[in-house]
Amino acid sequence: MSRRRPPWSVLGLDAGADAGAIRKAYATRLKAIDPDADPAGFARLREAREAALRLARRAAKPDEPVPEAEVEAASVGVWPYAAPDFDAGAASGDAALTVNVLQPGTGSAPAPAMIFAQARSAAPAVTPIVDPFAAVIARRANAAPAPTIASYPQPRERLHALLLGNGEGDEAALDEADLVAAQDCLRLILRDAVQADLARHDAIEEWVADLLAEAWPRSAPLLATAADSFRWEAEAGKLGERPAIAFLNARRKGYRFQEAVLDPKHIYHKAWLELQRPGRKDLLSRLRTTRSDVDKLLTGIRRNFPELENHLDPDRVASWQAPARFRIGLRKGWWVFVLLSAAVRLAISLSQPDAAPPAQLSPQALLVQQQQQGRAEQAALAAAFGPGHDRTWLEQRQPELAQVIQSNVRLQTEAGNPDAKVARIASDLVRQRLFEARDAVKGDLLERIMRLRLAEMKVAQRTGPADCRAFVQTALLDPGKAALPDALRRREQVLAVELAEAGKLTPIERRTPRSATVPGRLVSEVLDVTHLSIERVGAAMQHKASDADNCAVTTALLQATLAYGGKEREAILRTL
Amino acid sequence: MLIGIDLGTTNSAVAIWRDGLAELVPNALGERLTPSAVSIDRQRQTWVGAAALDRMANHPDDTATSFKRLMGTDKLTRLGGQDYRAEDLSALVLMALRDDVVRHTGVLPTQAVITVPAYFNDRQRKATRRAGQIAGLDVRRLINEPTAAALAFGLQDKEDREPFLVFDLGGGTFDVSVVEKFEGIVEVRGSAGDNRLGGDDFNAALAALMQPRIDPAGALAKLPEARRRALLFRAAEQSRRQLTTVAQADFVVTFDDTRLEAPVTAEDFEQACGPIIRRLRDPVVRALRDCAIDAAGLSAIVLVGGATRMPLVRRAIARMFGRFPDSSVHPDHAVAQGAAIQAGLLARDNALDEVRITDVCPFTLGVDTIERDAHGGLHHGVFSPIIERNTPVPVSRVNFYQTVADNQKKLQFNIYQGEAREVSGNIQLGSITIPVPPRPAGEIHAEVRFSYDSSGLLEVDVVLPDTGVTRNLVIVDEEDRPDRTEIEGRRAALARLKFHPRESAENVAAMARAERCYEDFLGEERAMISAWIAEFKGALESQDPRRIADAKAMLIGNLDEIERIGPLG
């Protein structure tokens, strides 16, 4: 970073040159450069010129202060400029203007004036302190001031005295007479300002703004008049807003908001009224307004018009803002849980009747029952495996199956079902096991199982598609609908015995669905036999078609596969 | 050939630099000022200038005035069943001015210097440039109106001056500039203004004052709004002009068969315009404050713009400054003359010694930021200025910003132009985003540099010193890119309009004026005017140039007579 060159060297002058020489040097140098191409150089040149001119000015007049365009904020009560008196005709406007200004209603809008006067007269008797913010704001009626104004020899001193007369701490509102006097003074001052030149106008504006801001809130009734005359609202929110004017603009905004929110149609009207009620939040509060409205209102007020919060009841605000308290302590919660669950358990146990103890049979009845069971079992086993096979035989080969059949028999006889039904149930069970065994066997046994299945499938198919489906899925045949021909039954029995001998009638935990690819030859055979379309056949092969289709296709495929000699045969058979 | 154009709200003018002088070019009617008015009817017949202004009373739906106020917006004006943007209408005026130059010099100008109010924002300036392009003119430079007037002021004056103030109150805009001239340098120290304050507002105030007085029964309210506004406006304009010289004038509105009138005094007018006069003060104070110059230290107050002729305004100025303003420049011509001088400088005419103009940036430029308030909450949309207003351009300024949240992924800077503390009150020019590495809040700093050059081009550079990542953005209006098709399209649309041949311009203007007078008068006068119109039409149909010229002269004479006398009774 290069050291900043002193202005004289940048301009190429000797120290102590006068303004004319400085300007000349700047001009020459400026014409030599192109500012757009070298903005930094231009900035340096400019700065050097400003600095040099400042130095030159100070050197020329060492005693006088540097003239400032910015008017200093007036100290309170003292007119900063030795301005001629009002009476001495400083305002040299024509007579027409003078007449106009003195007429009522010039330039002053009826504003949130008379706040304090109303407060005084309408204040609730309870409050000992006259709080200017306690009352609801009321619009002042358009009371025009008297046509003749007593001329004030020193309007500014008078106004100052009225507003700040009793020292800084006087916050009492102006009473009627004082207010009228203050407004007249202000009007005279404003008229003076309107007719003054720029410097004087500026000075008056600053003085009025500072006075009003300092005498706040006592000066509130005068705000609107002054603000309209000086157009302070145009400066609101701008970067160069002067502090006193910013303060007054914010207060004015607060008034406007206050008036707006009293309109029942305002969205925060209900929240506003609610927050003004004394005391903490009560049950009805929830009905009046919502928490979110209250929050938004408070955020807005706190951010923009903090003084309006004085109008709200602090207890109520605090109670609305407190976080919801539903946190039960951990220990308490635990004990509550324990007690509750114990109570629940107790209730359940009390409501359940005790399991009745089994009824005792007399020994004779018991014997009869046993005999009955034995007979039934015999019949069942004969139905399943053919005559000559009893429980002992089965127990030796498939003990688990024997157990199952026995318990089934017992249940059925106890329930009082006839032997025939018991036998049927047993044979169904065995058949199921028989078909399930196709996963475990191969070769000739598999062949015979599948041929048997095919035959039985055809039987089932004859009764109907639903039965066929039931058979395919569960291997159950409804005797009421289709009785197995004896030949088939015999075959079944023989096969069951063989499988029992081989110990293959074990239950399968879960039959995983098998899939196999069907060669085109078989598919075309199926198509020929069933006379269905290829789409339906395809769907049926996935068991997605209608029952009839599924049945027909399965049967045809099984038949075709049994006649088929290819290598997929076994895989396909196992899926069917 | 380079021409200088003053494209004003109410009146426009064109000037050229020739033989060491800035010379205003007369239009087809021999006037040096052309009203900024356009009228297009359903058959696409177009009138520009005084004729269009005269048509305002009879065909308010087909006529547009003061469209400079719509520049930079997307508002459309419907004329003759078609929609036009403000740029199109301005382009029509520019084309008429260009034709005037061709007539006057025999050379077709291809380049121009156009003036804009100093307080015109970015969008408005770009719209003006586009209007020039649509009119077939290459806009070499846009120059601020007060600066142009300053150029024209004391050009012959070789002495150095203390800073002077240019007070430019035109038809629709108000500009104040504090200018210093020395050693061939014209240096603008500060500018301020109000884009919504001009002679039109005085008319509106007078109309608002007089409407209840002339029409207590409310007959005017029954008229369609455009017509009512046009009638009141014209009545206000006429009364206002009269009040410039006399103490009492008549405010007259004539429509259909009714005639409403009432007297108005200068005092009434002054009182009605009180709020407007007050508004004149703000830009002056702002400009002086920004330059740190005392009003007493000004060497002259230069008045520019037709509205400064009003005694009301002159009195206010005299009050403000405690002295009388300077009247060595012609308020209506100064801006056009200044534009011609700038054109001559650009063309490097040898009669002009080198004059350098340095200007200022009239608006504050900055970005939006987030502030923490006293409660610890975040306040979004706070405007952080980077280039303060009235800094000399070209200028380059830097400001530093940091992240506000942990692990922030990017920093987005929205660029704004304006004076409000909240960005919602400012105009957004563009946006630039830079990715940041994840870090706790406040650890990443970004350096944002704004570079604003004298043609009004803003360039933004964002650098993260920690990572060395940079981003750059040049604020270019999307429509400003050489989008040939768009401009060609607008030009083609305007080329479909039918214009009167130049030779018949005077006849056209005379006819328009006669028709307006027909509306203005009633009873006997109206019958007379009707007869004159019929005669003139007959002469036109004969196509005999001598006869037409005679008939026109007679018509103009009659109209002058009747307008001077004023309505009888």
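Here's what I pulled together on the structure shown here.

The rules behind the values
- Residues numbered from 1 in each chain as written.
- Chains lettered and ligands numbered in written order.
- Predicted model: local features only at pLDDT ≥ 70, side-chain atom pairs only at ≥ 80, totals over all residues.
- Heavy atoms only, no water.
- Helix = DSSP H or I, 4+ residues; strand = E, 2+ residues; numbered from the N terminus.
- Buried < 20%, exposed > 50% of the residue type's maximum accessible area, 1.4 Å probe, protein only.
- Contact = heavy atoms within 4.5 Å.
- Areas by Shrake-Rupley, 256 points an atom, 1.4 Å probe, with all protein chains shown as cover.
- Buried area = accessible area lost by both parts, 1.4 Å probe.
- Salt bridge = Lys/Arg side-chain N within 4 Å of Asp/Glu carboxyl O.
- Patch = residues over 30% accessible without salt bridge, like charges linked within 9 Å, V, L, I, M, F, W, Y side chains within 5 Å.
- Pairing = 2+ DSSP bridges.
- Axes fitted to C-alpha atoms, helices over the stretch in contact; angles between N-to-C directions.
- Parallel < 35°, antiparallel > 145°, perpendicular 65-115°, else oblique.
- Left-handed = near helix turned anticlockwise from the far one by under 90°.
- Nonpolar A, V, L, I, M, F, W, Y, C, P; charged D, E, K, R; others polar.
- Expected span 1.5 Å × (residues − 1).
- Disulfide = S-S within 2.5 Å.

1. What about the overall build of chain B?
Scanning chain B for helices and strands turns up 14 helices and 29 strands. Classification of the 569 residues of chain B by burial places 53% in the buried group.

2. Some remarks on the overall build of chain A
Summing up its helical and strand segments, chain A has 26 helices and zero strands in all. In chain A, buried positions account for 38% of the 576 residues. Considering only contacts within chain A whose residues lie at least 6 apart along the sequence, 68% involve residues at least 24 apart. Counting only carbon and sulfur atoms, one obtains 56% of the accessible surface of chain A, whose full area is about 32500 Å².

3. Comments concerning the interface of chain B and chain A
Listed per partner, the contact involves 47 residues of chain B and 36 residues of chain A. Across the chain B to chain A interface the summed buried area is about 3700 Å²; carbon plus sulfur atoms make up 52%. Joining chain B to chain A, the criterion identifies eight salt bridges. Here Glu241(A) makes a salt bridge to Arg421(B), at a shortest N to O gap of 2.7 Å.

4. Digging into a nonpolar patch on the surface
Residues and elements named next belong to chain A. On the surface, Trp334, Trp335 and Phe337 cluster together into a nonpolar patch covering about 410 Å² of accessible area. Here Trp335 lies in helix α15 (residues 330–351). Classification of Trp335 by relative accessible area gives exposed; the value is 51%.

5. Observations concerning the sheet that holds strand β5 (residues 37–40) of chain B
All names here are of chain B. Within the open sheet, the four strands sit side by side as β7-β5-β6-β29. Their pairing is mixed. The sheet terminates laterally at β7 (63–65) and β29 (498–499), the two strands that pair on one side only. Pairing of β5 with β7 involves three bridges; the strand directions are antiparallel. By the bridge assignment for β7, Val38 is matched with Ala64.

6. Observations concerning the packing of helix α8 (residues 198–214) of chain A against helix α10 (residues 243–261) of chain A
Residues and elements named next belong to chain A. Put simply, α8 and α10 touch, their axes get as near as 9 Å, and they point 55 degrees apart. By the criterion of interaxial angle, the relationship of α8 to α10 is oblique. As for how α8 packs across α10, the hand of that crossing is left-handed. In this structure, α8 contributes Glu205, Ala209, Asp210, Leu212 and Ala213 to the contact, and α10 contributes Ala244, Ile245, Phe247 and Leu248. Grouping the amino acids of the contact of α8 with α10 by side-chain chemistry returns seven nonpolar, no polar and two charged.

7. Side note on the sheet that holds strand β14 (residues 185–194) of chain B
Residue and element names in this part refer to chain B. Here five strands make up an open sheet; going across it, the order is β17-β12-β13-β14-β18 and the pairing mixed. Among the strands making up the open sheet, the edge pair consists of β17 (301–304) and β18 (356–358). Neighbour-to-neighbour, the strand axes of the sheet open up by a mean angle of 25 degrees, direction not taken into account. Each of β12 (164–169) and β17 touches helix α9 (residues 311–321); the most contacted strand, β12, lies at about 155 degrees to it.

8. Examining helix α25 (residues 547–563) of chain A
Helix length check: α25(A) (17 residues) gives 24 Å between terminal C-alpha atoms against 24 Å at 1.5 Å per residue, within 8%. Counting buried positions over the 17 residues of α25(A) gives 13, a clear majority of the element.

9. Section: the state of the cysteines
Residue and element names in this part refer to chain A. In this structure the tally under the stated criterion is one disulfide over all chains. Here Cys468 connects covalently by a disulfide to Cys551, the sulfurs 1.8 Å from one another. Across the disulfide from Cys468 to Cys551, rotation about the S-S bond amounts to roughly 90 degrees, and the bridge is consequently right-handed. One end of the pair, Cys468, is in helix α21 (residues 465–474); the other, Cys551, is in helix α25, and 83 residues separate them in sequence. Like Cys551, Cys468 is buried.

Function cannot be inferred from these measures alone, as they are strictly geometric.
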